[in-house]
Amino acid sequence: MNLAELGGSILEKRIGYTFCLQMMPPNHELHLMLINTLRKDLESTSIGRIYLALEVLIQIHSEDVAPAVQTRLQFLLRDQNDSIRRRAHMAYYALFRQDPDRVKWLEELLTHAGDPNVIPSDLMVASKLRSESMARLLNSHLHNAGLSHQRSVHAILRALREGGMDLDPRNTPLVFDVIKHSSLPPTQAILDAFSLLSTVPSNVISEHQAKLSYSPAAGIRHLIKSGDMNEQYIFISCLSFLHPGTWTGSRPGDPAVFDGWEVQEIIKLLSSQDNLIRKATLKVLYSVNPSIVVTYYSQLTQSVRPGLSVVAKGDCVLRLFDAMEIQCQEDSEQYATLLKELFAIVEGDAQGRIETLPVLEGCVDRVLNRVRNADMISRITLVTGLVVPLTELDVRVGPTLMVILCALVCEYCAKLPISPVEILRGMAKRLALFSPSVQDACLLSMLRLSAECSEVPEEVVQTVQELSQSAGRYIRGRCEQFLRFSRQRHILTDIVSRVPSSLPDFLSALVNYQQDSVGRLPPHQGSSESPRPSQIYSPLPIASPNKLRYEAYAPPQLVTGRQNLASQRLGEVSSCSPGNIAKDLPRESSTTAPPSKPESTVTPGELTLAAAERWLEAGQTTQVLEGSTAVALDDLTSRVDLIALDSPFIADHVDTRPEPDFEERWNSMQNSNLRGWCEASTDTIVGVLQTLQLYMRVIAVDQPPFEGEVKVLVRGTPADEYAALRLRDGNEEGCLWRLRCDDLALRMTIKRLLERM
């Protein structure tokens, strides 16, 4: 604040103002301390200081500042300087936009016909006012400007479009001229011009086309052959603003603008890699002839084959969603019907067994967003149409559709005209068919449904009990959770009443309730070493500062000769396998004893024996892991750790490249996200990853970044491709994992390894 007030230059004052704007929330009490500084700058003779103060007023959003600068601001509204006056208009609107009287006064000032100071450059604030008088004023200036003032014309077109105002039909020839004389490459003015033509009746467009012997579609004809995606998008977007009768030749008096080969080029845009171009093309073709889109949809469904990869299948289905949404428009009932038919193809019998099918995450997001953006009546209609097949036991429901239904049922079960008991039975009958990740969503949704049932059917309880006996630890805990709470409807009702009805909110409230229940236990129960899982179990991982699987260790000590090589080997094992060996190493401390002189040479074989002794000692105090799979994984981890202590001749090929930064790599791969739950420990996961025989760097849980998680960075081939993995331990055996990797082959390899555990 001192810099904003006492800065000797415009740059210093701008730094001070910018800091205050970024760090102070709206209506912050410290804004009062800026008032005198702003008033001084507004009354300054320096144009730069006035500019700066006005820009701050546009962004500050403070009720206390407005009265203090009102008088000076009104004076600046009539200033002779163009830039000052324009900024003053915007600042006045920003400060008083909640006051209808002052907004009306500003509108009258701008529409004052006799004021010589009002010029088109002042009218940018008109797009904010969005009134009929502003639309008339802008259209009047547009009519008087002509093409001789091209910059003003483009500015007025932008203001009309951003304000959502209509174009006066008498200005149609002027807009035609703007399109005809547009420069290359195409600019924003082209989109503004076509957008405003969409507000003019199509018969008026046809009349002007006949008079001028010119069609706006001809003005963008040259963009059809462009290979640039930006120009393709501008072309198809502009075409979507025109009524198809004005350029297809379907209307008498309006000849066809495009030749046959050009129409084929437009249809080829359906295969574009850009999603926005595909959607705009579908919109244009549907407006020309709906049967074109229906045929395209039918042909695309035939390309959904069992052999497709997950990525290719997801992309194909999302394209089908685009065509389906164009056909349905706002008809929720038709959307539900087409969606069920689509999933009958995508997840039908021809695609294979249900438990082997993947969940198409993009489809889940698409459907849930569609429901969320609809009005409440349309939501209930759509959800009801989708949920009905759950009550029909002979209907096949795949994993993607089931995840969608779980989310919708959890949110809308209290509003559906379907019995919650029947929905519960339908979900329970299909529960054993799905993978653990889908079962997790099903059990949560069933738990939410239990709050709407006076009594949970016995066959549902029996199904969950049977699943609990054969499932892994995580799903077994979720089953115990269901069996406990489904018999305590009053608790479920209380949990549901606390939060919104979405599935994530319900899960969060459930976890919070369990944590609160643990906190309210009597002292003798809270100190119990082995509480029952049904009392305190929470399937979500809860970070605990005291639960650290890995401990930091001291850096390698300075030694010479072959011992240096041996020490280096031990350091590599510690960084690549943060298991029991890492726990035995000394932590870095200010009281670390100085290194002693080596008495003899340490060989790799001696290191192997020493490591084996530690594992044998640790094995005497631990319990045998449950299940043959866990035993096999631990065995594999031990073998991998021993392999890491390999021949000393590898030291001749040490990689001298700098260690990659985990956080930097993680942030650079934001578009390649995967996540899931693994019923193996972080030690086991690290050990299995080592079987890939790739460079791997492991960062312990108590080391930055992302403290509380184990960080693993795997370098693939080629060497510049990396996979970043974050592991967070659960309450019991198992962990949550998050994976980012831009290389598809490496990403799928690691994902399959994690899913098999």
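Quantities reported herein were computed from a predicted structural model and do not represent experimental measurements.

Rules used throughout
Residues numbered from 1 in each chain as written. Predicted model: local features only at pLDDT ≥ 70, side-chain atom pairs only at ≥ 80, totals over all residues. Heavy atoms only, no water. Pairing = 2+ DSSP bridges. Helix = DSSP H or I, 4+ residues; strand = E, 2+ residues; numbered from the N terminus. Axes fitted to C-alpha atoms, helices over the stretch in contact; angles between N-to-C directions. Contact = heavy atoms within 4.5 Å. Core = buried A, V, L, I, M, F, W, Y, C linked by side-chain atoms within 4.5 Å. Buried < 20%, exposed > 50% of the residue type's maximum accessible area, 1.4 Å probe, protein only. Polar contact = N/O pair within 3.5 Å; in protein donor to acceptor, adjacent residues only side chain to side chain. Phe/Tyr/Trp six-rings, centres within 6.5 Å; stacked < 30°, edge-to-face > 60°. Lys NZ or Arg CZ within 6 Å of the ring centre and 35° of its normal.

Colleague: Explain the sheet that holds strand E1 (residues 673-678) residue by residue, including any values.
Modeller: Taken in spatial order, the 5 strands of this open sheet run E1-E5-E4-E3-E2, and their pairing is antiparallel. Taken across any chain shown, the strands that pair with only one partner, and hence form the sheet edges, are E1 and strand E2 (695-699). Along the sheet, successive strands turn relative to each other by an average axial angle of 20 degrees, direction set aside. Of the strand pairs in this sheet, E1 and strand E5 (residues 735-741) are connected by 6 bridges, and their pairing is antiparallel. What sits directly across from Gly676, in E5, is Trp737. Against the sheet, helix H37 (residues 744-755) makes contact with E1, strand E3 (710-715), strand E4 (722-729) and E5, and its axis sits at roughly 170 degrees relative to E5, the strand it touches most.

Colleague: How would you sum up the nonpolar core? Please name residues and give values.
Modeller: Core analysis: the largest hydrophobic core is formed by 167 residues, its most contacted members being Leu54, Leu57, Leu239, Phe321 and Met446. Not counting residues up to four positions away in its chain, the partners in contact with Met446 are Leu424, Met427, Ala428, Leu431, Val460, Val464 and Phe482. Core analysis: the next-biggest nonpolar cluster, separate from the first, contains 25 residues, Leu674, Ala680, Ala723 and Leu739 among them.

Colleague: How would you sum up the side chain of Ser486? Please name residues and give values.
Modeller: When you line up the elements, Ser486 lands in the loop between helix H26 (473-485) and helix H27 (489-498). A polar atom in the side chain of Ser486 sits 2.7 Å from the backbone oxygen of Phe482.

Colleague: How would you summarise the packing of aromatic side chains if you had to cite specific residues and measurements?
Modeller: Each aromatic ring pair is specified by the distance between its two centres and by the angle formed by the two planes. Counted under the stated rule, the structure contains 11 aromatic pairs. Seen in terms of ring centroids, Tyr92 and Trp105 are 5.5 Å apart; in terms of plane orientation they differ by 45 degrees. Their pairing is tilted. In this pair, Tyr92 is assigned in helix H6 (residues 82-96) and Trp105 in helix H7 (residues 100-110), connecting sequence segments 13 residues apart. With a relative accessible area of 2%, Tyr92 lands in the buried category. Centre to centre, the rings of Trp666 and Phe706 are 6.1 Å apart; their planes meet at 65 degrees, and the pair counts as edge-to-face. Residue Trp666 is found in helix H35 (residues 662-667), and its partner Phe706 is found in the loop between E2 and E3; the two are separated by 40 residues along the sequence. The exposure class assigned to Trp666 is buried, which follows from its relative accessible area of 2%. Here the aromatic cluster, defined as three or more aromatic residues joined through ring pairs, consists of Tyr92, Phe96 and Trp105. The ring centre of Tyr214 lies 5.4 Å from the NZ or CZ of Lys180, which sits over that ring. Seen from the ring of Phe706, Arg726 lies directly overhead, with NZ or CZ sitting 3.7 Å from the centre.

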